[in-house]
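# Descriptive structure summary
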Amino acid sequence: MADDTPPLEADLRRRIAISGPMPVAQYMAACLCHPEHGYYMTRDPFGAAGDFVTAPEISQMFGELLGLWAAAVWRQMGSPANIRLIELGPGRGTMLADALRAAQVMPEFRSAIVVHLVEISPALQQLQQQTLEGAGVPLLWHERLEDVPDGPAIILANEFFDALPVHQAIREGDGWHERMVAVDKNGNFSLVVAPAPLPHLERLMPAQVRDAPEGSIFEWRTDSTALEIGRRVARNGGAALVIDYGHRQSEVGDTVQAVGEHAYANPLVAPGLVDLTAHVDFQSIAEAAESIGARIHGPIYQGEFLRRLGIDSRAAALKANAGRDKASEIDGAVQRLTGSGARKMGVLFKALAIANPKLGALPGFET
């Protein structure tokens, strides 16, 4: 009988059979970014027809407000004649299209923009090209932020960090042991614990989680994006805006989750066919960027941030020319973006800015 195991699952089983259990981060990286079979490499996961909906897909207001935020920051920077507008993980390009449309109110800003999109997925890059066709600004694609030329920059990262793989460790009597993915006796992927504790991990952990009780799980990312953002804005001028879901301070807990067709799934089933994410640790991002000379603003709740940027006024302007059904849709979008509770993003999602220290208070983060 022919083996009908999906190719990525077969590859992961082969690697585990040869080398033994793999760290959770390695499993996540393969599921999301395998060059042939990774989740993001092969599909459009966004919107009602995909697996999940992000803020730009909920309403045009989200991207428009971020476009106006970028224009205001550019003016604070002294209106440089050449500004790199960088988006990390641009999805379909929806947010950027809305941001560029809103930025038309400041023509001098639009004429200074060169757009750089950091994207590893050929499928999504093709969608971005279609969405941004006719945008009227230069568009360049890169696989890594490090590949974008240095210079004054405004960086946008909406739901980017949550998709970066996380390592997990569990506290046991003799220290913190890394959690690994293995294949159990029934042939299923399962979580196991590395036999030896991780040396020196406690010294690298934030103080408030170091003495967590046995059984606690700590997650961390080894990606260097926050350091690179901090380096760029501190050295070359500019600011970055990070919006994502997660916790303001480092804490313990297992936050790895899988989503497929708008429903939660088992992260260890159907590798490469469901989205894997984990909560963002805003404290670790802030500390990394701050360590290299950047200034941190926030994090604050997404709802508070959008209200400070004027989402209620923008909604009122849109409703003035809308029918009853459309006006109700606009109200619903504002609630979903700014409210708290189930299926609402206003509190779960946070906004954090990383900026050159010379810029002072940034729009939406004024105290």
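Our focus in this paragraph is the pairing of strand E16 (residues 349-355). Two faces, one strand: in a regular strand the side chains alternate between the faces of the sheet. Among the seven residues of E16, seven are classified as buried, and the element is accordingly described as predominantly covered. Burial along E16 is two-sided: the residues Phe349, Ala351, Ala353 and Ala355 and Lys350, Leu352 and Ile354 are all buried. Where strand E10 (residues 238-247) meets E16, seven bridges bridge the pair, whose relative direction is antiparallel. Residue pairing for E16: alanine 240 is matched across the bridge by isoleucine 354.

Below, the discussion takes up helix H15 (residues 324-338). With 15 residues, H15 extends 21 Å between its outermost C-alpha atoms, agreeing within 8% with the 21 Å of an ideal straight helix rising 1.5 Å per residue. Turning to H15, its buried residues number three or more, namely Ala327, Ile330, Ala333, Val334, Leu337 and Thr338. The arc that holds every buried residue of H15, seen down its axis, measures 115 degrees, which confines them to one face. In H15, the exposed residues that point more than 90 degrees away from the buried face are Arg324, Asp325 and Glu329. Residues of H15 that are buried sit in contact with helix H4 (55-58), helix H5 (60-76), helix H13 (302-309) and helix H14 (311-320).

Tallied over the full model, the rule gives 18 salt bridges. Residue glutamate 64 is joined to arginine 101 by a salt bridge in which the shortest nitrogen-to-oxygen separation is 2.9 Å. Here arginine 101 lies in helix H6 (residues 94-102) and glutamate 64 lies in helix H5, a separation of 37 residues in the sequence. On the basis of relative accessible area, glutamate 64 is assigned to the buried category, the value being 5%. Note on arginine 101: relative accessible area 36%, which makes it partly exposed.

Quick look at the nonpolar core now. In this structure, Trp69, Phe109, Ile154 and Phe305 are the most contacted members of the largest nonpolar core, which totals 51 residues. It is H5 that contributes the most residues to this core, nine residues altogether. Not counting residues up to four positions away in its chain, the partners in contact with isoleucine 154 are Trp69, Ala70, Val73, Trp74, Met77, Ile83, Arg84, Leu85, Ile86, Phe109 and Ala239. Ile86, Leu145, Leu164 and Ala226 belong to the second-largest nonpolar core, a separate cluster that totals 26 residues.

Okay, the packing of H5 against H14 next. Closest axis-to-axis distance for the H5/H14 pair is 11 Å, and the angle between their directions is 125 degrees. One finds that H5 runs oblique with respect to H14. Judged by the twist between their axes, the crossing of H5 over H14 is right-handed. From H5, Gln60, Met61, Glu64 and Leu65 reach across to H14, where they touch Ile311, Arg314, Ala315 and Leu318. For the contact of H5 with H14, the class distribution of residues is five nonpolar, one polar and two charged.

In spatial order, the strands read E12-E11-E13; together these three strands make up an open sheet with antiparallel pairing. The strands lining the two open edges of the sheet, one partner per strand, are strand E12 (263-265) and strand E13 (275-277). Put simply, the sheet's adjacent strands are angled 40 degrees from each other on average, direction ignored. Across three bridges, the pairing between strand E11 (residues 257-260) and E12 is antiparallel.

A few words on unusual backbone geometry. Each neighbour pair has its own omega, and for glycine 298 with proline 299 the value is 5 degrees, a cis peptide bond. Topologically, proline 299 is positioned in strand E15 (residues 295-301). At alanine 270, a residue that is not glycine, the phi angle is positive and equals roughly 60 degrees. By the secondary structure assignment, alanine 270 is in the loop between E12 and E13.

Turning to the state of the cysteines, a few remarks are in order. All chains considered together, the criterion is met by zero disulfides. No disulfide involves cysteine 31; its sulfur sits 9.8 Å from that of cysteine 33, the nearest cysteine.

Cut-offs applied
- Residues numbered from 1 in each chain as written.
- Predicted model: local features only at pLDDT ≥ 70, side-chain atom pairs only at ≥ 80, totals over all residues.
- Heavy atoms only, no water.
- Buried < 20%, exposed > 50% of the residue type's maximum accessible area, 1.4 Å probe, protein only.
- Helix = DSSP H or I, 4+ residues; strand = E, 2+ residues; numbered from the N terminus.
- Pairing = 2+ DSSP bridges.
- Expected span 1.5 Å × (residues − 1).
- Arc of directions from axis to C-beta.
- Contact = heavy atoms within 4.5 Å.
- Salt bridge = Lys/Arg side-chain N within 4 Å of Asp/Glu carboxyl O.
- Core = buried A, V, L, I, M, F, W, Y, C linked by side-chain atoms within 4.5 Å.
- Axes fitted to C-alpha atoms, helices over the stretch in contact; angles between N-to-C directions.
- Parallel < 35°, antiparallel > 145°, perpendicular 65-115°, else oblique.
- Left-handed = near helix turned anticlockwise from the far one by under 90°.
- Nonpolar A, V, L, I, M, F, W, Y, C, P; charged D, E, K, R; others polar.
- Disulfide = S-S within 2.5 Å.

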